[in-house]
Amino acid sequence: MRLYFGSIAFLSIPIAVIILLITKNKKIIVILICLIISIGYVSILENKYSKISDMPIKEMVTIISDIQEKEYKKVCTAKIVRNNKKILINIKMAQDIPSIKYGDSLYIEGEFKQPEEARNYKGYNYKQYLKTKKIIGTVELEKVKILKSSNGSFIHNIQKYIRDTINGTLTDEEGNLLLAILLGDKDKLSEDIQESFKTSNLSHMLAVSGAHVSYIILGLTYVLQNSIIGKKNGKIVCIIFLLAFMAITNFTPSVTRACIMAILTLLSSIIYRKSDVYTNISVAALITLIFNPYSLLDLGFQLSYGGTIGIIIFIKRIQEKKSNSKVINYIKQMALVSIYANIIIIPIMMYHFNTVSFTFIISNIMASPILGIIVITGFLFIIASITVKPLTRLIAIFIKPILSILIKISQICSKLPFSNILVVTPYMFNVISYYAIILYCIKSKKNNKCKIIICLLIVLILINFIIYIFPQKLRIFFIDVGQGDSTLIITPDKKTVLIDGGGSDSFDVGEKVLLPYLLDRRILKIDYVLISHFDTDHCGGILTIMEKVKVKNIIISEQAEHSENYERFKKLMIHKKIRLIEVKKGDKIKIGRYF
């Protein structure tokens, strides 16, 4: 990776010089210079990450996060005092250590380990994820000594106060949902609720973004516009509040983007300058990427900027679609906002989640007005807890049913037909071509635009078809499923064979590993599944594949022991109309042209 970035930076210099000599377009020159600087900067960072290796560690550190309890361990983030680098500390549940908390200064001993990279083709890259958090690796804690105890920072105490106030007044389900909406804190939100929001295309409500910030500014403006401080001072108060809000939400990319854009808009009105939305979003992205270039790989960054760019590009069309009815106007505008945002983020969703939703318009129209009420009421709830605490009980009575309604909407919309259509991972070529066509549609002013777009789409389809039918050799892939085995065979005539699928009693290997791997290999159909025996570590992952992907035949041995797993397979095979083939030792199975 380091050599890759270095090579690009080296090649970009002569290219920039050549373009400088043959063109007078200053924008292209500026873009190329920025590109060279950016690639050089990332190359330096890659070099620093590559020099880190596994080793024993003895360091003084400061805890900079709350202690989180996982299934088998406790986890916290710390900053090394010597070089200000971040590490993730893993503490075993049974380990006898002093009680530590946010802000404590510690002396630690342990084993430093580099984060794991992807273990399978296009699999989850833990190292890349930690880079987006500026964390260099993990430490398995062995010894710890508290050097200095702390009461926490001012911002951390505000975060803790908000959490304690909400959890002390609302139920776990409602309180955790409100924390996710107000602060983007999803750590304690149940997996079922997160999945229903994801499937119903409402995940953006759990990641603080532009809509949340808009409601915050709306509420503050309403309160301050008639106050004695005046409009100008009121805007300054809004800016201070947004800066504090970014700190409280730990400067997540989506919050940073929304707040910086809002601050720039407020500043332009204070100094009587026209605000330019393209400049605002560019400055927001630049600030975020200067702080950490790996934020570009963060899914929240991609979805936040992608959705916002979609709305910005088509904003004029949204404003043009108006009628005399306010209700119809609202429905039209919400539908168009959802459509235009999704035009940009659909490829991102396909690439990361392998899903497409056609019910996002319904879910967003139903949930968006409720989100505004929850955000404004939620912040009133927090303000009341500081000023007039008895008032929080009254606000809680009002906000509880609204949170319950939002959960119900997400659950209903997640079960609608076409709410979660499974798709294979698109080629990067397809993604780039898609955005190129969108860009052409926006910029082109020719009358024959439709004909050209149709031609481009036909060319794209033909290229994909050629890639698919192009002759290939017999390919065999061994899939890392943890405990157990799994092998994928793809014959030259495109027949697919899956042998075993791993499995675990505590981890859904089929959902988390095997299915994403098949979709990354662009497989939605399995011709033959071979099951060696029905122990969970060999067949557990296959059940998910049978439910999600079209399976034609399942081959088992006649000598396979009939167990509880076998009965589950039999029922699912009957339901999915999968053909069962029982074989014995020495049988030959014809798969395409191969035996």
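Fair warning: this is a prediction, and the values are worked out from it, not measured in the lab.

## Concerning empty space enclosed by the protein
And then number 1: This structure, assessed with the given rule, holds one cavity of 30 Å³ or more.
And then number 2: Each pocket or cavity is described by its volume, and for the largest cavity that value is around 100 Å³.
And then number 3: In terms of lining, the largest cavity is formed by Lys-198, Thr-199, Asn-201, Asn-342, Ile-346, Met-349, Thr-355, Val-356, Ser-357, Phe-360, Ser-419 and Asn-420.
And then number 4: When residues of the lining of the largest cavity are traced back to their parent elements, those giving at least two are helix H6 (191-199), helix H13 (326-353) and strand S7 (355-356).

## Here we look at the pattern of salt bridges
And then number 1: Tallying each qualifying case throughout the model produces 10 salt bridges.
And then number 2: One salt bridge connects Asp-480 with Arg-119, and the closest N-O pair in it is separated by 3.0 Å. Highlighted residues: Asp-480 in the loop between strand S9 (475-478) and strand S10 (487-490) and Arg-119 in the loop between strand S5 (105-113) and helix H3 (126-132), separated in sequence by 361 residues.
And then number 3: Linking Asp-527 and Lys-525 is a salt bridge whose minimum nitrogen-to-oxygen distance equals 3.0 Å.
And then number 4: A relative accessible area of 2% means that Asp-527 is categorised as buried.

## Structural notes on the confidence of the model for the protein
And then number 1: Averaged over every residue, the pLDDT of the protein is 81; residues scoring 70 or more account for 87%.
And then number 2: Looking at the elements of the protein, mean pLDDT is at its lowest for helix H1 (residues 2-22), recorded as 49, and at its highest for S5, recorded as 93.

## Looking at the packing of helix H9 (residues 253-270) against helix H11 (residues 299-313)
And then number 1: H11 packs onto H9 with a crossing angle of 35° between their chain directions and a minimal axis gap of 7 Å. Across the interface between the two elements, Pro-253, Ser-254, Arg-257 and Met-261 from H9 touch Gly-300, Phe-301, Ser-304, Tyr-305, Thr-308 and Ile-312 from H11.
And then number 2: Classifying every residue of the contact of H9 with H11 gives five nonpolar, four polar and one charged.

## Thoughts on the packing of helix H8 (residues 230-248) against H9
And then number 1: Where H8 contacts H9, the two axes come as close as 10 Å, and the packing angle between them is 165°. Relative to H9, the element H8 lies roughly antiparallel. For the crossing formed where H8 meets H9, the hand is left-handed. Touching Lys-232, Lys-235, Ile-236, Cys-238, Ile-239, Leu-242, Leu-243, Phe-245 and Met-246 of H8 are Val-255, Thr-256, Cys-259, Ile-260, Ala-262, Ile-263, Leu-266, Leu-267, Ser-269 and Ile-270, all from H9.

## Overview of H8
And then number 1: Along its 19 residues, H8 runs 27 Å from first to last C-alpha, staying within 8% of the 27 Å computed at 1.5 Å per residue.
And then number 2: Within H8 the residues assigned to the buried category are Gly-234, Cys-238, Ile-239, Leu-242, Phe-245, Met-246, Ala-247 and Ile-248.
And then number 3: Along its buried surface, H8 packs onto helix H4 (154-169), helix H5 (172-183), helix H7 (210-224), H9 and helix H14 (360-387).
And then number 4: Of the residues one or two after H8, Asn-250 is the one with positive phi, at around 60°.

## Describing the environment of Ile-166
And then number 1: In this structure, Ile-166 sits in helix H4.
And then number 2: The class for Ile-166 is buried, based on a relative accessible area of 0%.

## Describing the environment of Tyr-330
And then number 1: As for its position among the elements, Tyr-330 is in helix H13.
And then number 2: Put simply, Tyr-330 and Pro-369 are 39 residues apart on the chain and 9.8 Å apart in space, counted from C-alpha to C-alpha.
And then number 3: Residues in contact with Tyr-330, not counting those within four places in the same chain, are Ile-365, Ser-368 and Pro-369.

## Details of the nonpolar core
And then number 1: Formed by 61 residues in total, the largest nonpolar core has its most connected members in Leu-177, Ile-181 and Leu-406.
And then number 2: If we skip the residues at most four places from it in the chain, Ile-181 touches Met-205, Leu-206, Val-208, His-212, Leu-371, Ile-374, Val-375, Leu-403 and Leu-406.
And then number 3: Membership of the second largest hydrophobic core comes to 32 residues, among which are Tyr-517, Leu-519, Ile-556 and Phe-569.

## Here we look at the packing of aromatic side chains
And then number 1: Within this structure, the stated rule accounts for 11 aromatic pairs.
And then number 2: Ring geometry for Tyr-124 versus Tyr-126: centroids 6.3 Å apart, planes at 40°, classification tilted.
And then number 3: The class for Tyr-126 is partly exposed, based on a relative accessible area of 26%.
And then number 4: Consider the rings of Phe-534 and Phe-569, whose centres lie 5.4 Å apart with planes at 70°: the pair is edge-to-face. You can see Phe-534 sitting in the loop between strand S12 (525-531) and helix H19 (536-548) and its partner Phe-569 sitting in helix H20 (residues 564-576), a full 35 residues away along the chain. The same class applies to Phe-534 as to Phe-569, namely buried.
And then number 5: Grouped by ring-pair contacts, the aromatic residues Tyr-124, Tyr-126 and Tyr-129 constitute a single cluster.
And then number 6: When the ring centre of Phe-291 is taken as origin, the NZ or CZ atom of Lys-134, which lies over that ring, is 4.3 Å away.
And then number 7: For Arg-521, the ring lying beneath its charged end belongs to Phe-477, and the centroid distance is 3.8 Å.

## Quick notes on a negative patch on the surface
And then number 1: Residues Glu-191, Asp-192, Glu-195, Asp-508, Glu-511 and Glu-547 make up a contiguous surface patch of negative charge.
And then number 2: Broken down by element, the residue count for the negative patch peaks at three residues, all from H6.
And then number 3: Position of Asp-508 relative to the elements: it lies in the loop between strand S11 (496-499) and helix H18 (509-520).
And then number 4: Look at Asp-508 and you get partly exposed, because its relative accessible area is 37%.

## Observations concerning the side chain of Ser-295
And then number 1: For Ser-295, the position within the fold is in the loop between helix H10 (277-291) and H11.
And then number 2: For Ser-295, the residues in contact, after removing those within four places along its chain, are Thr-132, Thr-288, Leu-289 and Phe-301.

## Overview of unusual backbone geometry
And then number 1: At Asn-250, a position not held by glycine, the phi torsion is positive, near 60°.
And then number 2: Structurally, the position occupied by Asn-250 is in the loop between H8 and H9.
And then number 3: Judged by its relative accessible area of 54%, Asn-250 is exposed.
And then number 4: The backbone phi angle of Asp-500 is positive, close to 60°, even though this residue is not glycine.
And then number 5: Topologically, Asp-500 is positioned in the loop between S11 and H18.

## Brief notes about the sheet that holds strand S14 (residues 579-583)
And then number 1: Read across the open sheet, the six strands follow the order S9-S10-S11-S12-S13-S14; overall the sheet is mixed. In the strand order of this sheet, the two ends are held by S9 and S14, each with one partner. Neighbour to neighbour, the strand axes of the sheet diverge by 20° on average, direction disregarded.
And then number 2: Alignment of strand S13 (residues 550-557) against S14, held across five bridges, turns out to be parallel. Residue pairing for S14: Ile-556 is matched across the bridge by Glu-582.
And then number 3: Packed onto the sheet, H20 meets S12, S13 and S14 and runs at close to 140° relative to S14.

The rules behind these values
- Residues numbered from 1 in each chain as written.
- Predicted model: local features only at pLDDT ≥ 70, side-chain atom pairs only at ≥ 80, totals over all residues.
- Heavy atoms only, no water.
- 1 Å grid on protein atoms, 1.4 Å probe; cavity = no way out; pocket = protein on both sides within 12 Å on 5 of 7 lines; lining within 4 Å.
- Points joined across faces, edges and corners; volume = space filled by probe spheres on them.
- Helix = DSSP H or I, 4+ residues; strand = E, 2+ residues; numbered from the N terminus.
- Salt bridge = Lys/Arg side-chain N within 4 Å of Asp/Glu carboxyl O.
- Buried < 20%, exposed > 50% of the residue type's maximum accessible area, 1.4 Å probe, protein only.
- pLDDT = per-residue confidence, 0-100.
- Axes fitted to C-alpha atoms, helices over the stretch in contact; angles between N-to-C directions.
- Contact = heavy atoms within 4.5 Å.
- Nonpolar A, V, L, I, M, F, W, Y, C, P; charged D, E, K, R; others polar.
- Parallel < 35°, antiparallel > 145°, perpendicular 65-115°, else oblique.
- Left-handed = near helix turned anticlockwise from the far one by under 90°.
- Expected span 1.5 Å × (residues − 1).
- Core = buried A, V, L, I, M, F, W, Y, C linked by side-chain atoms within 4.5 Å.
- Phe/Tyr/Trp six-rings, centres within 6.5 Å; stacked < 30°, edge-to-face > 60°.
- Lys NZ or Arg CZ within 6 Å of the ring centre and 35° of its normal.
- Patch = residues over 30% accessible without salt bridge, like charges linked within 9 Å, V, L, I, M, F, W, Y side chains within 5 Å.
- Areas by Shrake-Rupley, 256 points an atom, 1.4 Å probe, with all protein chains shown as cover.
- Lys, Arg positive; Asp, Glu negative; His and termini not counted.
- Charge placed at Lys NZ, Arg CZ, Asp CG, Glu CD.
- Pairing = 2+ DSSP bridges.

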